[in-house]
Amino acid sequence: MQVGIDLGSRTIKVAVVEDGRMIDYRIAESGFDPHGQALEMIKQYKPSKIVATGYGRHLAQKHFAHDVITEIKAHAIGARYHFPECTTVVDIGGQDSKVISLGANGSVVNFQMNDKCAAGTGRFLEIMATSLGFALDEFGPAALESDQEVAINSMRTVFAESEVVSMKNRGIPPKDVANAVHLSVVNRLTAMLNRVGFGESIVFSGGVARNPCIVKMLQERLDCVKVESPSAPDIVGALGAALYADRC
Amino acid sequence: MEAARFEVKPYPEMWESLDMDVPRFDKARQMLGEVYGKMFMSQPNRPEKMAYFDDMISEIFGRRIQEMIDVKKEGRPIVGTFCVYIPEEVVVAAGGVCVGLCGGSPGSIPDAEKILPRNICPMVKSAFGFKVGKICPYFQVVDFVYGETTCDAKKKTWEILDRLVPTHVMEIPQMKNARDKTLWFEEVKDFKTKVEEVCQKTISTDDLAAAIKVINNKRRALQRLTKVRASSPAPISGKDALLIEQIAFYDEPVRFAEKVNELCDELEERARNGEGVIDSSAPRVMVSGTPMALPNWKVHNLIEAAGAVVVNEESCIGTRYFKDLIDENKSTMDEQLDALTDRYMKIDCSCFTPNYERIDQILKEYKDSNAQGILHYSLQFCHTYNIEEIKVREACEKEGIPYLSIESDYSPEDVGQLQTRIEAFLEQIRG
């Protein structure tokens, strides 16, 4: 049994692998004490090896993990578990968005990450949802109800937020503003995809892959490729780490 | 010296005499010592001859400043610079000192932002802020600053800087045709006149011939250092090598060359014995791009903390500064200045267009240094390097060279993300 743990900026994910198959997984908030939280999440398992990934990977290695890999490599391995042929992975997490290009053998050949600004990340969507009075899981469905196209020009979170405030005050309905917010994230993502290049299908991972509006817009924007997501997109990184532990 | 005990030495009376903001500067001094102690003194298997360079940092705000004050008392010129385009041989020929000014720290940026726009190069802001805040002793001691027109941010900042310290601007051509060389040749002659005015002395052909030898020897010593870094395992860390390339801009050139050569003796001995600072399996990274002014050690520190070693800097604070020499066999002043101009026209700064020679140079250095990947580093808002990065990336893709491009400033806020990118890049190299 091997455990992969992904200590992200918002949540911690654990995936458990036995004989190369995922047998269990868990997700919890990172909270104020990610180290304690991580230990709590893995205590019931008896793995031969633990590999950590995500922002807290080095913290985990200091205390309990045997090895670390970056989120880039972890997502590449995890995505291939679900879609063995995939050559492009898009991951939008709490703090980062990434586009990863894989070679035929599954190794990372190129990648792009957002810059230090939160724009285009899960955190950006969360801030915008709050500003418009939506719970996070209502945000995507609400945006889907919009049939009005409005555009947000700014991609810097703080400026986009003030743009959203001024839209609200012009009387634009929240669902239309929500739609504009989603569109801005997808525009950013498509620009990154175009920079890296992509194949015939794209695997979309990370918590934001559960947002139906982002998935739909991305699919519409890239109409000749297939956008696929595993059923639990949040744990792709943790799964990649667990599979790496299994191989090495 | 142990990490915890490393100190940059204080000289408050000297700083007072230079009209500096002493209490504030003293805090910056303490911080520099702490950071240096942590980043440099704890590195494993450091070469013994690094002791001289540690001492140069320890005395960075004291002894070296005193040496410059003494030079100035004799009426010899002190010229501050921010660019490898300064014909420093001319200053040395006049018995003067050329010094690269501070511009690599986030601490002075708030001072600059009181006046300059925020969305410009951090190096330009940092440098300007050091003068505004009176927190760089080198800035305080110069007779004048040498400015150039390598980018818009610099060019326009010089106009404002000139209000605080005399700033002599030379026009750098942007292409490499015969008429561009003529322009630069005329600029070099004007610069010589300016230096002669300041020190009230005429530079003779003998003076210039001697100065060309001195600076050539400094560049030769740095070439030798670059060459020995190609051996595996790496005989010296990238951080230490970068530090030496940074010190090249403020140390006395004859002594500096001697000390670099002494270090190279030790490193070549290490290479013969197969000894190094890190195991030969460690990924070898070449860094290419914009200059890293002291104390900007951010990228090297991240790369080496992740278990790799930096083996080359294709940068102004790096090979661009010392890859070319001046022909020493010219006898008349015009011939000498012409040879000097030829050498400076070879600089492959991204301010030139189309600048294909830089791409060739990067690929050459990649092979020569036995690197396994190239990390392109560009300062934020450095348009010329940022755009030229496209051609570097294409060349690397064509050659199958593992490649990562990062854009960053001096602030620590993106360290987490850079660390992830750099580690992922090293995973790519390791395969």
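Residues numbered from 1 in each chain as written. Chains lettered and ligands numbered in written order. Predicted model: local features only at pLDDT ≥ 70, side-chain atom pairs only at ≥ 80, totals over all residues. Heavy atoms only, no water.

Novice: Just checking my understanding: could you explain the domain arrangement of chain A for this structure?
Specialist: By a frequent convention, interface size equals the accessible area lost on bringing the separate parts together. Residues and elements named next belong to chain A. Each domain of chain A was delimited in the assignment, giving domain 1 (1–83 + 234–248) and domain 2 (85–229). Here the C-alpha centroids of domain 1 and domain 2 sit 25 Å apart. In this complex, domain 1 contributes 13 residues to the contact, which on the side of domain 2 involves 27 residues. For the domain 1 face of the interface with domain 2, the top three residues by lost area are I72, R80 and F83, together amounting to 42%. Of the charged contacts in the structure, one is a salt bridge between D234 and R210, with a shortest N-O distance of 2.6 Å. Where domain 1 meets domain 2, there are eleven residue pairs in polar contact (both at pLDDT 80 or more). Of all the elements, helix α3 (residues 71–82) adds the most residues to the side of domain 1 that touches domain 2, at seven residues. A breakdown of the residues in the side of domain 1 that touches domain 2 according to their chemical character gives six nonpolar, two polar and five charged. (Domains from an automatic or database assignment. Contact = heavy atoms within 4.5 Å. Buried area = accessible area lost by both parts, 1.4 Å probe. Salt bridge = Lys/Arg side-chain N within 4 Å of Asp/Glu carboxyl O. Polar contact = N/O pair within 3.5 Å; in protein donor to acceptor, adjacent residues only side chain to side chain. Helix = DSSP H or I, 4+ residues; strand = E, 2+ residues; numbered from the N terminus. Nonpolar A, V, L, I, M, F, W, Y, C, P; charged D, E, K, R; others polar.)

Novice: When you look at the sheet that holds strand β4 (residues 49–53) of chain A in this model, what are you seeing that I'm missing?
Specialist: Two orientations exist for strands paired in a sheet by backbone hydrogen bonds: parallel and antiparallel. Residue and element names in this part refer to chain A. Pairing within the open sheet is mixed, and its five strands lie in the order β3-β2-β1-β4-β5. The open sheet has two edge strands with one neighbour each: β3 (21–29) and β5 (67–68). Note: β4 against β5, two bridges, orientation parallel. From the neighbouring strand, V51 faces β5, where its bridge partner is D67. Sitting on the sheet, helix α9 (residues 236–247) touches β1 (2–7), β2 (11–18), β3, β4 and β5, and the angle it makes with β1 is about 145 degrees. (Pairing = 2+ DSSP bridges. Axes fitted to C-alpha atoms, helices over the stretch in contact; angles between N-to-C directions.)

Novice: What exactly am I supposed to notice about helix α1 (residues 34–42) of chain A here?
Specialist: Every α-helix carries 3.6 residues per turn, so stepping three or four residues along brings you back to the same face. Residue and element names in this part refer to chain A. Within α1, burial applies to A38, M41 and I42. On an axial view of α1, the arc spanned by its buried residues comes to 85 degrees, and they lie on one face. Against the buried residues of α1 lie β1, β2, β3 and β4. (Buried < 20%, exposed > 50% of the residue type's maximum accessible area, 1.4 Å probe, protein only. Arc of directions from axis to C-beta.)

Novice: I tried to follow the environment of L404 of chain B on my own but got confused; where do I start?
Specialist: Note that L404 of chain B resides in strand β8 (residues 403–408). Separated by 31 residues in sequence, L404 of chain B and G373 of chain B have C-alpha atoms that sit 8.1 Å apart. Excluding its chain neighbours within four sequence positions, the residues that come into contact with L404 of chain B are F111 of chain A together with I374, L375, H376, R421, I422 and F425 of chain B.

Novice: Would you mind going over the packing of aromatic side chains with me for this structure?
Specialist: Aromatic ring pairs are reported here in terms of the distance separating the ring centres and the angle at which the planes meet. Residues and elements named next belong to chain B. Applying the stated criterion to the full structure yields 18 aromatic pairs over all chains. One Lys or Arg, K176, reaches over the ring of F352 and ends 4.4 Å from the middle of that ring. Directly above the aromatic system of Y321 lies the positively charged group of R219, at a separation of 4.9 Å from the ring centroid. (Phe/Tyr/Trp six-rings, centres within 6.5 Å; stacked < 30°, edge-to-face > 60°. Lys NZ or Arg CZ within 6 Å of the ring centre and 35° of its normal.)

Novice: In this structure, what is going on with the interface of chain B and chain A? I would like to understand it.
Specialist: At the interface, 19 residues of chain B touch 19 residues of chain A. Here chain B packs against chain A, burying approximately 1,500 Å² in sum over the two surfaces, 45% of which is carbon and sulfur. Contact with chain A buries area across many residues of chain B, yet Q417, T420 and E427 of chain B alone supply 38% of it, more than any other trio. For E423 of chain B, the salt bridge is made with R57 of chain A, and the minimal N-O distance between the two is 2.8 Å. Counting across the chain B and chain A interface gives seven residue pairs in polar contact (both at pLDDT 80 or more). Of all the secondary-structure elements, those providing two or more residues to the side of chain B that touches chain A are α18 (383–399) and α19 (415–430) of chain B. Broken down by element, the residue count for the side of chain B that touches chain A peaks at ten residues, all from α19 of chain B. Taken together, the residues of the side of chain B that touches chain A break down into three nonpolar, eight polar and eight charged.

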